[in-house]
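Structural description and commentary
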Amino acid sequence: MSEGTESAALAELAKRRGFFFGSSEAYGGVGGFYTYGPQGAALKSNVEEAWRDRFAVQEGNLEIEAPTIMPEPVFEASGHLDGFDDMLVECAECGESHRADHLIEDNSELEDAETLSPEEAAEKIAGLGLVCPNCGAELAGQSVEEFNLMFGTNIGPGSKTPGYLRPETAQGIFVEFPRIKEYARNRLPFGVTQVGRAYRNEISPRKNIVRTREFTQAELEQFIDPERDEPDLSSVEDVEVRLYPATEQQADDGDYLDITIGEAVDEGIVANGWIGYYLGIAQEWYEHIGVDMERFRFRQHLPGELAHYAADCWDAESEVDGDWIEIAGFAYRGDYDLSKHGEHADDDFTVFQQYDEPKTVERAVVDPDMATLGPEFGAQAADVAEALETLAERDPDAFDADEVTLDIDGEDVTVDTDVANFSVETQTEAGEHITPHVVEPSFGVDRTVYTLLVHAYEQDEVDGEARTFLSLSPTIAPTNVGVFPLVSNVDELVDLADDVAEELRAAGFAVVYDDSGSIGRRYRRQDEVGTPFCVTIDRDGIEGAGDTTVTIRERDTGRQVRVPVDSLVETFVGLRAGTTSFDDVLDANEVVEA
RNA sequence: GCACCGGUGGUCUAAUGGUAAGACAUUGGCCUUCCAAGCCAAUUAUCUGGGUUCGAUUCCCAGCCGGUGCACCA
């Protein structure tokens, strides 16, 4: 396919065949929201299930499901609210957008420009005669636009409890960390996954389901002790990946690096072993579900591209119409998330790590005599006691004197040293509280579905007629099997086809039964939704001596094989799981000549 | 959000200041055939609002939706 037409052709097919289409079209439509039709919903569900199996079940990770709405303080802690009141002003000359509040603060005495209304900010800009930092043009007269990337709402009656639709599923995991760590029995490392919706009020949704305002993420937060926990790379060290490191992107003749995970980690190209581990798993998973690995790469974020908290980040990218789209991100987030919640929330976001050997330490402690401090200092007594403890840790020598001087709310207070009951004790420390670091593989499910569809979209020619088909993997194809009586006016064929469809459905397959029109037309319908196999019941199969047989047709090649009807379920179980290939079925049965 | 372009049955296209044509698809019937067969019939459309006009799907304005570029994507 030539560039630029692939996604258009797919969008047309997606609408017509029930994969996805714009939502609420009956009411004029709404930007950035899509509805998955029957085929799309099934495909997406299969992708999610495949992800869940690989990243939660196979890894022994813990899956949770948190609400999509969380109260405001969560996002104060996470930093998502910072961008809430951002004001943008666009230069009419060069088109560059600037943060209006920052411009004003940089050029005036004002320090809280963020609190201005957009109208006030626009007046300030005009009043101060501000110019575009990029090209120097006057900004006066330009309107100031406010943008909120989070959807806000109110929780309960009235508007006393503001809340937001989560802009990423990750916060649901971080916020519940104190309880999850208990569930995990306080033993690092452990991973927590969540598949769910996230919401961003995008300024400009684009490229159909690639950037929407409501989307599905599959996220994994791997919690580790950076001092102790190393991933076991043995299962992925030989996995070959195509890397596009920052150094190559910056080089004039930058190129991809085809390399194994083991080498990439050894050579420090992928600096963190955990990131390397998940790149390897992701590589295999994408291949398994049918991403075209010739149109796939891992691209490292450039230094300027990194979020302020991320030490390193790699994106999985797939190629569509000549553009690369981000379909997953693998970020080393350090202890940023849990530290932030630890500071803002009441709960404890640390894990107690026991030392291999308990440590013996000498520690200066005080045991203030409150019976004396209470009457003497009244309401300040507790502060005095606390100040004594702090002083003991910081400057034990101060207790050598007869009295110590403390700073209580800016006031010097003198206390007899005796009252403090100062001593140096020998203590045994069994371990320490650490804030776990986070490695975050985060997958965009919708973009993965889109990639699968685009990469599966193929056209060929059968008997001089163009044919369109989706070469989806049997593992994730939304419809597993089409079942057709060759003709619809022979009761024996129709009855047997009904029985076959029913039996396959009972065995857990998504089956489409179709007896309308010509057989070729029915094959084409299934080709367009990527149904990998069709079963046709014909006269040859039910007449004459011997077992009743039917034919199975393979979507991509049109090859057919005649198999006993009794073997269908077993055959399709193998074909769907990928443990049997169609060639295996051909070898074991009678091939039908075209 | 800005700029440019576009919006006609389910889909893809045509045409038009005088009430919309075709293909494919869909449904029913005939036929019964392993790759979109044929024949007969049927269903289905001018994005929304305002303006100009005797009359607007057509021209103008605004909005909505989509595409592309810019910006944004924490």
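Residues numbered from 1 in each chain as written. Chains lettered and ligands numbered in written order. Predicted model: local features only at pLDDT ≥ 70, side-chain atom pairs only at ≥ 80, totals over all residues. Heavy atoms only, no water.

**Observations concerning the environment of Ala-501**
Note that Ala-501 resides in helix H16 (residues 491-506). Its relative accessible area of 2% is what places Ala-501 among the buried residues. Remark: the alpha-carbon pair of Ala-501 and Arg-363, spanning 138 residues in sequence, is separated by 76 Å. Leaving out residues up to four positions away in the same chain, Ala-501 has contacts with Val-483, Val-511 and Tyr-513. (Helix = DSSP H or I, 4+ residues; strand = E, 2+ residues; numbered from the N terminus. Buried < 20%, exposed > 50% of the residue type's maximum accessible area, 1.4 Å probe, protein only. Contact = heavy atoms within 4.5 Å.)

**So, the protein's contact with RNA strand B**
With respect to spatial proximity, 41 residues lie near RNA strand B, and among them Glu-12, His-80, Asn-489, Ser-518 and Arg-525 are the closest. Of everything in RNA strand B that lies within 4 Å of the protein, sugar and phosphate atoms constitute 43%. At a separation of 3.3 Å, a phosphate oxygen of RNA strand B approaches a polar backbone atom of Asn-208. Within the side chain of Arg-525, one N or O atom sits 2.3 Å away from a phosphate oxygen of RNA strand B. Mapped onto the surface near RNA strand B, the elements with two or more residues apiece are helix H1 (6-16), helix H17 (519-528) and strand E27 (549-554). Sorting elements by how many residues they give to the surface near RNA strand B places H17 first, with seven residues. Residues of the surface near RNA strand B, tallied by class, amount to eleven nonpolar, 16 polar and 14 charged. (Near = heavy atom within 4 Å. Polar contact = N/O pair within 3.5 Å; in protein donor to acceptor, adjacent residues only side chain to side chain. Nonpolar A, V, L, I, M, F, W, Y, C, P; charged D, E, K, R; others polar.)

**Comments concerning unusual backbone geometry**
For the bond running from Leu-188 to Pro-189, omega is -5°, close enough to zero to count as cis. For Arg-185, which is not glycine, the phi dihedral falls at a positive 60°. One can find Arg-185 in the loop between helix H7 (177-183) and strand E10 (190-199). Judged by relative accessible area, which is 62%, Arg-185 ranks as exposed. Backbone geometry at Asn-186 places phi at a positive 55°, although glycine is not the residue there. Looking at the element boundaries, Asn-186 is found in the loop between H7 and E10.

Nothing here speaks to function; it is all geometry.
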